[in-house]
Each structure stands twice: as structure tokens, then as C-alpha cells.
Amino acid sequence: MQRTIVSSLLSLALLGAAGLAQAEVTVTDPWVRATVAGQQATGAFMKLQSSDKARLVGVRSPLTEHAEVHEMVMDKEVMRMRQVQQIELPAGKTVELKPGGYHIMLLGLDKQVQEGTDVDLTLLVETDAGQKQEITVRAPVRALNAKAGGHGHKAH
């Protein structure tokens, strides 16, 4: 009898844990644009794919106290940049953060970001069920004139 109760409790615990499974978010090709001396902001770019519907709701970096999720949009033939509260990550679809579109802004830089170094980022993701997860990314710094496109780096 005791074995049946333990077995039943274990089964319930496993079912409960399965219901709490988090979306698996894959990060590929992360990179940060280098800056010139005195420049106080730069962008971070990457491709995100989630196994389940989720959203990118924030970012942190030890490089600066101010990191935001942004998008570029056309407004009456003028390209404008604005902060957004989240970027939707549809299940199974790749969402690209790239120059001229969605991206991460690293603001208030107090030192030059140099090509050949790496920048640590922590992405804050939330599922439809309200579960939060943090994804650590090490993004190499590319030249100031770098364009989006593959070097095949992945998150750690």
C-alpha cells in the first residue's frame, strides 16, 4: 500500500513538472557592433527561436546598466527607433534581431566596445504561462561597419 502511494505521488509530481516545462529558446549568431571612442550606445543582434510561444521581455549586460529591447519602424518616410516592451517569439519560428529591425540597445556606455572582444548578455524570456527564464549569451564584437549575417556563434 505504501509503495502505491509513493508511486502515485511520484507520478503526480512528474505530471506537474511536465506542465511547468519551459519553452526552449535557441540563440544563434549573436553579435554586438563595435563603437568608436566616446560613443555611448551600440546594438546587439542575434536570431531567436522558441519551441513554444514566448516573448523576449528584457535584457541585462554587465557592460552597462541600461539595456533595452528596440525596434526600427518607418514613420512617414522617416526611420525611427523606439523601445518596445516585448518581442513575440512564435513557436518554431526564427525571429531575427538585426540592424534596421528589432534589436537590443546597450546605452550609457562608459568605454569603447572593441572588435575582437565579447559582450555578455542575459536575455529575459517569458512564456504564455507566465514562466520566466534567463538565457546567458556571449556575443562577439564585430567591426563598426558589420552587417547581419552568419558567423555561426551560439549562446552558452
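The coordinates are above.
Residues numbered from 1 in each chain as written. Predicted model: local features only at pLDDT ≥ 70, side-chain atom pairs only at ≥ 80, totals over all residues. Heavy atoms only, no water.

Caption draft 1: Expanded view of the overall build of the protein. Across its full length, the protein holds 1 helix and 10 strands. Along its sequence from the N terminus, the protein presents helices and strands in the succession α-β-β-β-β-β-β-β-β-β-β. In the protein, which comprises 156 residues, the proportion classed as buried is 36%. Residue pairs at least 24 apart in sequence account for 68% of intrachain contacts in the protein once pairs closer than 6 positions are excluded. Surface exposure of the protein reaches about 9400 Å², of which carbon and sulfur atoms provide 52%. (Helix = DSSP H or I, 4+ residues; strand = E, 2+ residues; numbered from the N terminus. Buried < 20%, exposed > 50% of the residue type's maximum accessible area, 1.4 Å probe, protein only. Contact = heavy atoms within 4.5 Å. Areas by Shrake-Rupley, 256 points an atom, 1.4 Å probe, with all protein chains shown as cover.)

Caption draft 2: A look at unusual backbone geometry. Unlike most non-glycine residues, D29 shows phi in positive territory, near 50 degrees. Among the structural elements, D29 can be located in strand β1 (residues 25-33).

Caption draft 3: Representation of the environment of G130. One can find G130 in the loop between β9 (118-127) and β10 (132-142). Relative accessible area serves as the criterion here: at 38%, G130 is assigned to the partly exposed category. Measuring from C-alpha to C-alpha, the distance between G130 and A54 comes to 9.1 Å, with 76 residues separating the pair along the chain.

Caption draft 4: Geometry of the packing of aromatic side chains. Tallied over the full model, the rule gives 1 aromatic pair. A ring pair is formed by W31 and F45, whose centres lie 4.6 Å apart and whose planes are at 35 degrees; its orientation type is tilted. Of this pair, W31 sits in strand β1 while F45 is found in strand β2 (residues 41-50), placing the two residues 14 residues apart along the sequence. Of the two residues, W31 and F45, both sit in the buried class. (Phe/Tyr/Trp six-rings, centres within 6.5 Å; stacked < 30°, edge-to-face > 60°.)

Caption draft 5: Just the pairing of strand β8 (residues 103-107), in detail. In terms of burial, β8 is a largely internal element, 4 of the 5 residues being buried. In this sheet, β8 lies alongside β2 in antiparallel orientation, the contact comprising 4 bridges. Bridge pairing links A44 to I104 in β8. In this structure, strand β4 (residues 66-75) lies alongside β8, joined through 5 bridges in antiparallel fashion. When the bridges of β8 are listed, V69 appears paired with I104. (Pairing = 2+ DSSP bridges.)

Caption draft 6: Structural context of the environment of A23. Inspection of the secondary structure puts A23 in the loop between α1 (2-19) and β1. Expressed as a C-alpha distance, the spacing of A23 and T127, which sit 104 residues apart in the sequence, is 6.7 Å. Not counting the four nearest positions on each side in its chain, A23 is found in contact with S50, S51, D52, A54, T127 and Q133.

Caption draft 7: Structural view of the pairing of β1. In the sheet, β1 pairs with β2 via 6 bridges, with the strands oriented antiparallel. By the bridge assignment for β2, V25 is matched with S50. Both β1 and β10 contribute to a ladder of 2 bridges, which runs parallel. Looking across to β10, one finds that V32 is bridged to V141.

Purely geometric stuff here, so don't read any function into it on its own.
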